[in-house]
2 protein chains.
Amino acid sequence: MDIIAQLRDIVGAAHVLTGPDTAPYCDDWTGKYQSDPLAVVRPADTAGVSAVLKLANDTGTPIVPASGRTGLNGGAYADGAAVMLSLERLNTIREIRPAARVAIVGAGVILSQLHEAVEQHDLVFPLTFGAKGSAMIGGALSTNAGGSNVLRYGSTRHLCLGLEVVLADGRMMDLMSELHKDNSGYDLKDLMIGAEGTLGIITAAVLKLAPKPRAYATAMVAAPDLPGALSLLNRLQIATGGAVEAFEFMPRRYIEANLARFPDGREPFEAPHEVNVMVEVGALAPRDATPGEIGSVPIVDYLEEVLAEAMEDGAVLDAVVARNEAQRRAMWQRREQAAEVNMDGRPLIQNDVALPLDHVAPFLDRAAAMLAEADPGANSMYVAHLGDGNVHYTVYPAATDPAAHDAITERVEDLVLSLGGSFSAEHGIGLSKKPSMARRKNPVALEVMRAIKAALDPKGILNPGKVLPD
Amino acid sequence: MDIIAQLRDIVGAAHVLTGPDTAPYCDDWTGKYQSDPLAVVRPADTAGVSAVLKLANDTGTPIVPASGRTGLNGGAYADGAAVMLSLERLNTIREIRPAARVAIVGAGVILSQLHEAVEQHDLVFPLTFGAKGSAMIGGALSTNAGGSNVLRYGSTRHLCLGLEVVLADGRMMDLMSELHKDNSGYDLKDLMIGAEGTLGIITAAVLKLAPKPRAYATAMVAAPDLPGALSLLNRLQIATGGAVEAFEFMPRRYIEANLARFPDGREPFEAPHEVNVMVEVGALAPRDATPGEIGSVPIVDYLEEVLAEAMEDGAVLDAVVARNEAQRRAMWQRREQAAEVNMDGRPLIQNDVALPLDHVAPFLDRAAAMLAEADPGANSMYVAHLGDGNVHYTVYPAATDPAAHDAITERVEDLVLSLGGSFSAEHGIGLSKKPSMARRKNPVALEVMRAIKAALDPKGILNPGKVLPD
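Residues numbered from 1 in each chain as written. Chains lettered and ligands numbered in written order. Predicted model: local features only at pLDDT ≥ 70, side-chain atom pairs only at ≥ 80, totals over all residues. Heavy atoms only, no water.

K.L.:
So what about the interface of chain A and chain B? Which residues, and what values?
P.N.:
Taken together, the contacts link 76 residues of chain A with 75 residues of chain B. Both faces considered, chain A and chain B share a buried interface measuring about 6,100 Å² in area, 61% of it formed by carbon and sulfur atoms. Taken together, the connections running from chain A to chain B amount to eight salt bridges. The salt bridge partner of A:Arg157 is B:Asp187, with a shortest N-O separation of 3.2 Å. Counting the contacts that link chain A with chain B gives 26 residue pairs in polar contact (both at pLDDT 80 or more). Looking at the side of chain A that touches chain B, the element that brings in the most residues is helix H16 (residues 443-456) of chain A, giving 10 residues. Partitioned by chemical class, the residues of the side of chain A that touches chain B number 36 nonpolar, 23 polar and 17 charged. (Contact = heavy atoms within 4.5 Å. Buried area = accessible area lost by both parts, 1.4 Å probe. Salt bridge = Lys/Arg side-chain N within 4 Å of Asp/Glu carboxyl O. Polar contact = N/O pair within 3.5 Å; in protein donor to acceptor, adjacent residues only side chain to side chain. Helix = DSSP H or I, 4+ residues; strand = E, 2+ residues; numbered from the N terminus. Nonpolar A, V, L, I, M, F, W, Y, C, P; charged D, E, K, R; others polar.)

Okay, structure coming up:
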């Protein structure tokens, strides 16, 4: 019996797609990787995933896991020999336990679906980024996704207490702890998170929820320069006792590109400024949200007060505080459209880099100088999660030679490393960052990763060719 | 040349101790494990650790890493065939970078030494527990130590950004990232943390620092019962916007045992209460620390106000707020003496268990009933980090038969697991919890741990016989 027939036996014929039926799964959001899988298989549950993997391991069939396929590095690319394993049917929110502040979810639950479900309990799942309407929990865990709230809540890894994982040979590993302390052997949970499906397939997770802030104060702020923006962040953290949830830098060139791409948008300020920051503060204490209570300072007034003081000092050039939810949403939308705005030029060279906070400004200066020399006709675009040093730096080269593109990537990485940064902040490695892994990662660490991969997936069936350089 | 001579060549004769000279390294704090190593070797730096491990790997010599040797599960026990590798000379604080809020330290730095060094910069390294005057960073990382501030800051794992690790064969792996986002391959850092030296020897770390709260408000509170104490925790978290740093439960029996052991101590309240909690709130915002500023509510007055309201409701039976640092220290001291108080009876059966927060009370009730039936002459003692569900539950059996002791451990674990808990919260596995690992850990997870151990330490020289059941 051929592999397709065997897969049909496991998950039902309706859930094994071949030929043109696989088309909806083959596009890549970046346009760089067009998949062509042998089949797309959609198991209904963990047992189905286990049976598919056992078959794949027995037959040496490559398996490429896919959830929302919003990744930016080709991690879900499947070639003609591979079976794409879609986790979309594992989309059950198994349980929300408000008292324990946990949600137990399948890997196929869409991020915004979880956001809506927990909001009813006055809780939040703090992970958020532009693709939240399509991205699934399994993919967010497998890439250790970051986003705009890492500053306050950490990345996906820090929001996960437990996992259910199916190993290469189909064995199910139950790590579904709900505990905040659990020192029982090696930390297999964090090993699986961020491994992009190369060590096992995440099928379910226990996620941490946080109390929903009683109020948000959101503002667009113009700072005199980037170091000034960082000082403002520290000032806001001190003033609010560490309640800053997002601190998103958008240069003038981004504001302009955004307005060109989304003409319904509006200028953030009356006059244009070079350094624009969206800041959001989340207030947990009643005294920050309800006027008239103990020491009442409603958080929106308070933020406005702090920003007004900063304007008097010259630390802030202009500021607009959102006075209703529509204004707040518009501020977020401007930032969340970044991926679409960045993708508009082709070809493009994407760099998702992290730097020590105080090295973001020198990085941007030196990158501009480098680019002017390396490819004088090139343009660049960037936004940054400034609160955690993560810059999304996109280059639109004028040079057409792929070798010239690679050279630009290398020079960006040289700059990043010379400033103590990382060539991969929150998008992972997938296919497109493998050359960077080979060049930049500590060689002993790469050897250890290969040893672990060989130990857990000896036949190399799990997302082959991803993450680890050859 | 014999191994001792070779070790002397590497680290110098003065730092290879044998025979009676090893005595200071052989005692175990719990009194259960008396080591008898072939030698104690004290390399001066990472290169020395690397050379020692290369030799050990080439000769198949077991290596037992030791730092402050304050562990409670025999993780640093060395038998006559093993060389004990003391990290005490790697005691340099390499760098404190206040702006980046990181400290770069050797594995032999003592926890309280780091506390003092960072305080000068108005920063804190939040990890704290009773043994902080002896425990070293390397041991805290290797056991993923918890302590009293996990509620707000997480355990050691969450306070570590980067590691330097020497592998079994002496290769040095540089994972010394200072970044908050760094998705470049598998999470080897977290795999090494909590592995108790069985996968590699941690020689240095990049640790996260936090702003020193501008003021602390610390109180002893008597709650009507345990569920009432949990409600009080939630009430305090809401009132302070999540600023509770410690929430430590001490039953009446602990207060009495503490006063018997330390006669200089004082009763926490005028009348005795069953449920005593030490609570500490750390205030970051100026308005909580400095009277007269925006919305000024100095945090000590504010905590007193919130507790007074709770007393009016009957949610609190009595409360004493520390009004100076001496009173605050006395409250902490009462709690930090717990390990010494617990160790006073012999024999003892220690259980470091974690439970979902709302299951701590049923656990204690059922454990008492179980004990009355299993060993009617037994006593028990416990304290709990109630804010994270971690109970230190010690049994003093009347039964003298070791099999009866094991049976009690098993029944405690049965109870913990039936309530969704873990048999090991923050003390790790070492030797004493290996039977529990064998019985209680997911068998597939154990297989994966063994596969990783075999891949990274094929000759099995690193802390053999620890963590993984045979």
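On we go from here.
K.L.:
Tell me what's going on with the sheet that holds strand S14 (residues 275-283) of chain B, and back it up with residues and numbers.
P.N.:
Residues and elements named next belong to chain B. Reading across the sheet, the seven strands line up as S15-S12-S14-S13-S17-S18-S16 and stay open at both edges, with antiparallel pairing between neighbours. At either end of the open sheet lies a strand with only one pairing partner, and these are strand S15 (318-321) and strand S16 (349-354). When the angles between neighbouring strand axes are averaged without regard to direction, this sheet yields 15°. As judged from the four bridges shared by strand S12 (residues 215-223) and S15, these two strands associate in the antiparallel manner. Residue pairing in the sheet places Ala219 in a bridge with Val321 of S15. Those strands touched by helix H11 (residues 325-336) are S12, strand S13 (244-251), S14, S15, strand S17 (379-385) and strand S18 (390-396), and its axis lies near 55° from that of S12. (Pairing = 2+ DSSP bridges. Axes fitted to C-alpha atoms, helices over the stretch in contact; angles between N-to-C directions.)

K.L.:
Which residues make up the relation of the copies chain A and chain B, and what are the values?
P.N.:
Laying chain A over chain B is done by rotating through 180° and shifting 0.0 Å along the axis; what remains is an RMSD of 0.0 Å. Taken together, these values place the two copies in the relation of a two-fold axis. Most of the interface of chain A is mirrored in chain B: 99% of its interface residues are interface residues there too. (Least-squares fit on C-alpha atoms with pLDDT ≥ 70 in both.)

K.L.:
Provide a residue-level description of the domain arrangement of chain A, including the pertinent values.
P.N.:
Residues and elements named next belong to chain A. Domain annotation for chain A reports domain 1 (3-86), domain 2 (93-211), domain 3 (215-338) and domain 4 (345-426). Across the interface of domain 3 and domain 4, roughly 1,200 Å² is buried in total on both sides, 73% from carbon and sulfur atoms. Linking domain 3 with domain 4 are four residue pairs in polar contact (both at pLDDT 80 or more). Here the side of domain 3 that touches domain 4 is composed, by residue class, of 12 nonpolar, no polar and three charged. (Domains from an automatic or database assignment.)

K.L.:
Can you explain the pairing of strand S13 (residues 244-251) of chain A? Please cite residues and give values.
P.N.:
Residue and element names in this part refer to chain A. Burial within S13 is extensive, with eight of its eight residues counted as buried. In this structure, S13 lies alongside strand S14 (residues 275-283), joined through seven bridges in antiparallel fashion. Paired with Met250 across the strands is Asn276, a residue of S14. Pairing of S13 with strand S17 (residues 379-385) involves two bridges; the strand directions are antiparallel. Counted as the bridge partner of Glu248 is His385 from S17. (Buried < 20%, exposed > 50% of the residue type's maximum accessible area, 1.4 Å probe, protein only.)

K.L.:
Tell me about the packing of helix H7 (residues 226-240) of chain A against helix H10 (residues 299-313) of chain A, and please be specific about residues and values.
P.N.:
Packed helix pairs are characterised by how far apart their axes lie and by the angle those axes make with each other. Residue and element names in this part refer to chain A. One way to put it is that H7 packs onto H10 with a least axis distance of 11 Å and a crossing angle of 140°. Classified by the angle between their axes, H7 and H10 sit oblique to one another. The two elements H7 and H10 meet at a crossing, and its hand is right-handed. Touching Leu232, Arg235, Leu236, Ala239 and Thr240 of H7 are Tyr302, Leu303, Val306, Leu307, Glu309, Ala310 and Asp313, all from H10. Looking at the contact of H7 with H10, its residues break down into eight nonpolar, one polar and three charged. (Parallel < 35°, antiparallel > 145°, perpendicular 65-115°, else oblique. Left-handed = near helix turned anticlockwise from the far one by under 90°.)

K.L.:
Just give me the short version of unusual backbone geometry, but keep the residues and values in it.
P.N.:
What is expected of a backbone is that most residues other than glycine have negative phi and most peptide bonds are trans. If you check the backbone angles, A:Glu196 has positive phi at about 55° while not being a glycine. Of note, A:Glu196 is situated in the loop between helix H6 (188-192) and strand S10 (201-208). Here the phi dihedral of B:Val467 falls at roughly 70°; this positive angle occurs in a residue that is not glycine. With respect to the helices, strands and loops of the structure, B:Val467 is situated in the segment after helix H16 (443-456).

K.L.:
Residues and numbers for the nonpolar core, please.
P.N.:
Ranked by size, the top nonpolar core spans 101 residues in total, and within it A:Met173 and B:Met173 carry the most contacts. The contacts of B:Met173, once residues within four sequence positions are left out, are A:Asn442, A:Val444, A:Ala445, A:Val448, B:Leu163, B:Glu164, B:Val165, B:Leu167, B:Leu188 and B:Met192. (Core = buried A, V, L, I, M, F, W, Y, C linked by side-chain atoms within 4.5 Å.)

K.L.:
Can you explain the side chain of B:Ser35? Please cite residues and give values.
P.N.:
Residues and elements named next belong to chain B. With respect to the element layout, Ser35 can be found in the loop between strand S1 (16-17) and strand S2 (39-41). Using a relative accessible area of 7% as the deciding quantity, one classes Ser35 as buried. One polar contact links the side chain of Ser35 to the main-chain amide nitrogen of Ala78, over a distance of 2.9 Å. Residues within four places of Ser35 in sequence aside, it is in contact with Cys26, Ala76, Tyr77, Ala78 and Met84.

K.L.:
Help me get a handle on the packing of aromatic side chains, residues and values and all.
P.N.:
The full count for this structure, using the stated rule, is eight aromatic pairs over all chains. With a centroid separation of 6.2 Å and an interplanar angle of 50°, the aromatic rings of A:Tyr33 and A:Tyr77 are classed as tilted. With A:Tyr33 in the loop between strand S1 (16-17) and strand S2 (39-41) and A:Tyr77 in the loop between strand S3 (63-66) and strand S4 (83-86), this pair connects stretches of sequence that are 44 residues apart. Owing to a relative accessible area of 16%, A:Tyr33 belongs among the buried residues under this scheme. With relative accessibility at 27%, the residue A:Tyr77 sits in the partly exposed group. Taken together, a centroid distance of 5.6 Å and an interplanar angle of 20° make the contact between B:Tyr382 and B:Tyr393 stacked. Note that B:Tyr382 is positioned in strand S17 and B:Tyr393 in strand S18, a separation of 11 residues in sequence. Judged by relative accessible area, which is 1%, B:Tyr393 ranks as buried. Ring pairs connect the aromatic residues A:Phe249, A:Phe363, A:Tyr382 and A:Tyr393, which therefore count as one cluster. Stacked on the ring of A:Tyr216, the Lys or Arg A:Arg328 has its end atom at 4.0 Å from the ring centre. (Phe/Tyr/Trp six-rings, centres within 6.5 Å; stacked < 30°, edge-to-face > 60°. Lys NZ or Arg CZ within 6 Å of the ring centre and 35° of its normal.)

K.L.:
Before we move on, could you go through H16(A) and cite the residues and values that matter?
P.N.:
For H16(A), spanning 14 residues, the distance from its first C-alpha to its last is 20 Å, which sits close to the expected 20 Å at 1.5 Å a residue. Here H16(A) has its buried residues at A:Val444, A:Ala445, A:Leu446, A:Val448, A:Met449, A:Ile452, A:Lys453 and A:Leu456. Tucked into the core, H16(A) has its buried residues touching H6 and helix H15 (434-440) of chain A together with strand S9 (172-175), helix H6 (188-192) and H16 of chain B. Put simply, A:Asn442 is the residue that caps the front of H16(A), since its side-chain oxygen is 3.2 Å from the backbone nitrogen of A:Val444. (Expected span 1.5 Å × (residues − 1).)

K.L.:
How would you explain the state of the cysteines if you had to name every residue and give the values?
P.N.:
Enumeration according to the criterion identifies zero disulfides over all chains in this entry. A:Cys160 forms no disulfide, and the closest cysteine sulfur to it belongs to B:Cys160, at a distance of 19 Å. What makes B:Cys160 buried here is its relative accessible area of 3%. (Disulfide = S-S within 2.5 Å.)

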